[in-house]
Amino acid sequence: MLQVYNTLTRRKEPFPKQPGETVTMYVCGPTVYKPSHIGHMVGPVIFDTVKRYLTYLGFSVRWVVNITDVDDKLIARSAELGTTVPALAQRMTEDYFECLKQLNVTGVDAFPRATEHIGGMIRMIGHLIAKGYAYPAGGSVWFDVSKDEDYGKLCNRDPEQMAEGGRIEPNPHKRNPGDFALWKGAKPGEPPEVTWESPWGPGRPGWHIECSVMSTTLLGETIDIHGGGLDLKFPHHENELAQSESATGKTFARIWMHNGLLKLRSKEGKEDKMAGSIGNVLNVADALKHVSGEVLRFFILNTHYTSPIDLGVWDREKDPIPTSIEAARKAYATFERLAERYQRITGTAFHELKAPTRASTDYPPPLRDFQQRFRHHMDDDFNTGGATAVLFELASFLNRTADTGKLESAQDLDSPEGQVFRQGAMLLKELGQILGLFWSAPASLALGADGQLVGGLMQLLIDLRNNLRAEAKKIPGKDDPAKKALFAQTDLIRQRLAELGIVLEDRPTGTTWRRA
RNA sequence: GGCCCCUUAGCCAAGUGGUAAGGCAGUGGAUUGCAAAUCCGCCAUUCCCCGGUUCGAAUCCGGGAGGGGCCUCCA
């Protein structure tokens, strides 16, 4: 049975709905003022996987991710760049969407923009004032935390103590130190495109009210899952929860899920989260120059989502990419080589194999066991790290099956091993799909722009080399100088290709090549 | 100062009361003309330290050390 860790109760709970029912999920999206870095992808990848698994179990999931396209940082950054807030937001939103696409995050049903919901925010703020939870002061509107009895329940925080030791800016208009802005009065000099009229004067919405309104508008007053990064717990989610429940009187979210943050370690060994303010970011676009989106996704899913993801020490001068991602690339190559093998044997591409997206039960015993173990891990609070281990074991099983069955081509698929291989490959695809993997051709087979030419030249080289090998093998004995000379030539060709990043593999059925 | 969390092999990382998954690296073998790939082995008597509970603890409790997140914008 599916269990999910709920930040609100601080324990694992049985999932509150039954297969067949609709699950609503809201995840806080980005403020679109800078290109996305790897850390921004953790939440989307995890919740995309959550949706895929829930779908696999038979739930129907509706998932919303907001885009914050008006805010202080956007105003500051667009002024710096000499552009407008909408133009900058548009550009960075496109960057974000492209990153999601590269990481195969396909499950988001709606991306509402904050600026499309100003009316709803004004209504909710008015409602909160009418109910006595909020008050206008100095052109802004504040939420009164002292009026909300259970304020602080998500983070176990006492509003009375918030002033002490904290770094809350004193504001003469606030009644309590912990009060936060629902509506921010326009400051002089702010561009008109970030100013809206309201009953309390011109201004723009506070950050927290956006999510309350967009989730309520698109998913209803009570949602099933609210997700986001651990750094958003306070104040953002706490405030969102307070506003929403004060306004509706209903439970805002049944389950709160928080993903761990991506961390980089400095050379001194100190760990830091990846953040623009610290300057230690790795942009998605830059990472994609060195590894595929599949590898990045696999890397993220290797760790349980509640744990911080350790990028380790990264020496930018030396390595194009952190060694932890490089290790993930090497590990993932196991699956890519199996995909190549699948293609050699069956003649069809593994990533194009159509596998069920719902749980199927008709696998024979040795395979069913892999499926059950995979599900067991996923049922335990989406333990993707444990689940990937099962994928590796299944890959190993498939290679073993192909070895013992001597599977080389499509004719061999009728044998008992051939049948198991075919079904096992289907299961691997089925389970990989849940993690959002195996959707693209292995990078090692990519030919690039001059694909036909490169492929042709490679075949030419391979044919010439194999002529030499055949000549050499005709010469009897081991130490014949002529034989040695021929093999020296074939080895030189392989060596020089390796220096170009191309690996030749001599198999009983012929020579294949791939990128390292 | 307050609130939360983490510490498992050289590295990454599952495991949440029944005797340590998986990956990277390393290493021995099968296979190969040699490689590569693949397969079969080996690689933590022990889970930061010290106490306690228990027939039994990496797992629960107490204390200590180290690290992290939040309390300000942050995925």
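Along each chain, residues carry numbers from 1 onward, in the same order as the chain's sequence is written. Working convention: letters from A go to chains and numbers from 1 go to ligands, in the order in which they are written. Per-residue local features of the predicted model are confined to residues with pLDDT of at least 70, and side-chain atom pairs are confined, for both listing and counting, to 80 or more; whole-chain, interface and lining totals are unaffected and use all residues. Note that water and hydrogens are dropped before the side-chain values are worked out from all heavy atoms of the structure.

### Description of the sheet that holds strand β7 (residues 180–185)
- On the basis of which strands lie adjacent, the open sheet formed by four strands has the order β5-β6-β7-β8 and antiparallel pairing. Each edge of the sheet is formed by a strand with only one pairing partner; in this case those strands are β5 (134–137) and β8 (203–205). Averaged over all neighbouring strand pairs, the angle between strand axes comes to 20°, with direction disregarded.
- Bridging between β7 and β8 involves three bridges; their strand directions are antiparallel. Directly across from Lys184, in β8, lies its bridge partner Arg204. By the convention used here, strands pair only if DSSP detects at least 2 bridges between them. The helix and strand labels rest on DSSP assignments: H or I over at least four residues marks a helix, E over at least two residues marks a strand, and numbering proceeds from the N terminus. Axes, fitted as lines to C-alpha atoms, cover a helix only where it is in contact. Angles between the N-to-C directions of the axes lie from 0 to 180 degrees.

### Points about unusual backbone geometry
- Omega for the bond connecting Phe234 with Pro235 falls within 30 degrees of zero, at 0°, which places this linkage in the cis form.
- By the element assignment, Pro235 lies in helix α6 (residues 233–248).
- Of note, the phi angle at Asp381 is positive, near 55°, even though the residue is not glycine.
- Considering the arrangement of structural elements, one finds Asp381 in the loop between α10 (365–379) and α11 (384–404).
- In this structure, Phe382 is a non-glycine residue whose phi angle is positive, near 55°.
- Locating Phe382 in the fold gives a position in the loop between α10 and α11.

### Comments concerning the environment of Arg494
- Mapped onto the elements, Arg494 comes out in helix α14 (residues 481–499).
- Burial classification: accessible surface area is computed with a 1.4 Å probe over protein chains only, and a residue below 20% of its type maximum counts as buried, one above 50% as exposed, and the rest as partly exposed. According to the relative accessible area criterion, Arg494 is partly exposed, its value standing at 35%.
- In this description, contact between two residues means that some pair of their heavy atoms is separated by no more than 4.5 Å. For Arg494, the residues in contact, after removing those within four places along its chain, are Arg465, Leu504 and Asp506.

### Notes on the domain arrangement of chain A
- Where a domain begins and ends is set by an automatic assignment or by a domain database. When its domains are assigned, chain A resolves into domain 1 (3–259), domain 2 (328–443) and domain 3 (447–515).
- On a C-alpha basis, the centroid separation for the pair domain 2 and domain 3 is 30 Å.
- Of the residues lining the interface, five residues belong to domain 2; the matching set on domain 3 comes to five residues.
- The term buried area means the drop in 1.4 Å probe accessible area that two parts suffer when joined, counted for both and summed. Here domain 2 meets domain 3 over a buried area of about 410 Å², counting both sides, of which 51% is carbon and sulfur.
- Take a side-chain nitrogen of Lys or Arg and a carboxyl oxygen of Asp or Glu: if they are within 4 Å of each other, that pair is a salt bridge. Where domain 2 touches domain 3, the interface holds zero salt bridges.
- Counted as a polar contact is a pair of N or O atoms within 3.5 Å, where, for protein atoms, one must be capable of donating a hydrogen and the other of accepting one, and residues adjacent in sequence contribute only when both atoms are in side chains. At the junction of domain 2 with domain 3, the criterion picks out zero residue pairs in polar contact (both at pLDDT 80 or more).

### Focus on the packing of helix α4 (residues 118–130) against helix α5 (residues 207–219)
- Interhelical geometry of α4 versus α5 gives an angle of 105° and a closest axis separation of 9 Å. When the axes of α4 and α5 are compared, the pair comes out roughly perpendicular. Residue-level inspection shows Gly120, Met121, Met124, Ile125 and Leu128 of α4 in contact with α5, the latter providing Ile209, Glu210, Ser212, Val213 and Thr216.
- Partitioned by chemical class, the residues of the contact of α4 with α5 number six nonpolar, three polar and one charged. For classification purposes, angles smaller than 35 degrees are called roughly parallel, those larger than 145 roughly antiparallel, those between 65 and 115 roughly perpendicular, and all remaining angles oblique. Note that Gly is not counted as nonpolar here; it falls among the polar residues with everything else outside the nonpolar set of Ala, Val, Leu, Ile, Met, Phe, Trp, Tyr, Cys and Pro and the charged set of Asp, Glu, Lys and Arg.

### Things to note about the sheet that holds strand β4 (residues 60–65)
- Within the open sheet, the four strands sit side by side as β4-β3-β9-β10. Their pairing is parallel. Each end of this open sheet is capped by a strand with a single partner; those strands are β4 and β10 (253–259). Each neighbouring strand pair of the sheet contributes to a mean axis angle of 20°, computed without reference to strand direction.
- Bridge analysis of strand β3 (residues 22–27) against strand β9 (residues 223–229) gives three bridges, and the strand direction is parallel. When the sheet's bridge partners are listed, Met25 is paired in β9 with Ile225.
- In the packing of helix α1 (residues 39–56) onto the sheet, the strands contacted are β3, β4, β9 and β10, and the crossing angle to β4 comes to about 165°.
- Against the sheet, α6 engages β3, β9 and β10, with an angle of about 160° to β9.

### Brief notes about the pairing of strand β2 (residues 11–14)
- Two elements, strand β1 (residues 3–6) and β2, share four bridges in a ladder whose sense is antiparallel. Bridge pairing in β2 links Gln3 to Pro14.
- Taking the residues between adjacent antiparallel strands as the criterion, β1 and β2 are bridged by four residues, where Arg10 takes a positive phi near 60°.

### So, the nonpolar core
- Nine residue types can take part in a nonpolar core, namely buried Ala, Val, Leu, Ile, Met, Phe, Trp, Tyr and Cys, and a core is a set of them joined through side-chain atoms within 4.5 Å. Counting residues in hydrophobic clusters, the biggest one holds 128 residues, and the most contacted among them are Leu54 and Phe382.
- For this core, the leading source of residues is α1, giving nine residues.
- Two domains share this core, each providing at least three of its residues, namely domain 1 (3–259) and domain 2 (328–443).
- What Leu54 contacts, discounting residues up to four positions off in sequence, is Leu2, Phe15, Val23, Phe59, Val61, Ile225 and Phe382.

### Let's talk about the pattern of salt bridges
- Taken as a whole, this structure holds 28 salt bridges when the rule is applied.
- Ionic pairing is found between Asp506 and Arg469, a salt bridge with its closest N-O pair at 3.3 Å. Here Asp506 is found in strand β14 (residues 502–507), whereas its partner Arg469 is found in helix α13 (residues 451–474), with 37 residues between them in sequence.
- Between Asp491 and Arg494 there is a salt bridge, with the nearest N and O atoms lying 3.4 Å from each other. Taken as a pair, Asp491 and Arg494 lie in helix α14 at a separation of three residues, close to a single helical turn.
- Through salt bridges with shared partners, one network takes in Asp72, Lys184, Lys187, Glu190 and Arg204.

### Describing the packing of aromatic side chains
- Aromatic rings from Phe, Tyr and Trp, taking only the six-membered ring of Trp, are treated as a pair when their centres fall within 6.5 Å; an angle between ring planes under 30 degrees marks them as stacked, one over 60 as edge-to-face, and anything in between as tilted. Counted under the stated rule, the structure contains 21 aromatic pairs.
- Between Tyr53 and Tyr56, the ring centres sit 6.1 Å apart and the planes meet at 25°, which makes this aromatic pair stacked. One end of the pair is Tyr53 and the other is Tyr56, both in helix α1 and three residues apart, which spans about a single turn. Across this residue pair, the class does not change: Tyr53 and Tyr56 are buried.
- Counted as over-ring charges are cases with an Arg CZ or a Lys NZ within 6 Å of the ring centre that also lie within 35 degrees of the ring normal. Here the guanidinium or amino end of Lys73 rests over the ring plane of Tyr33, the centre of that ring lying 5.3 Å away.
- Arg157 extends its terminal NZ or CZ atom over the ring of Phe234, reaching a point 3.9 Å from the ring centre.

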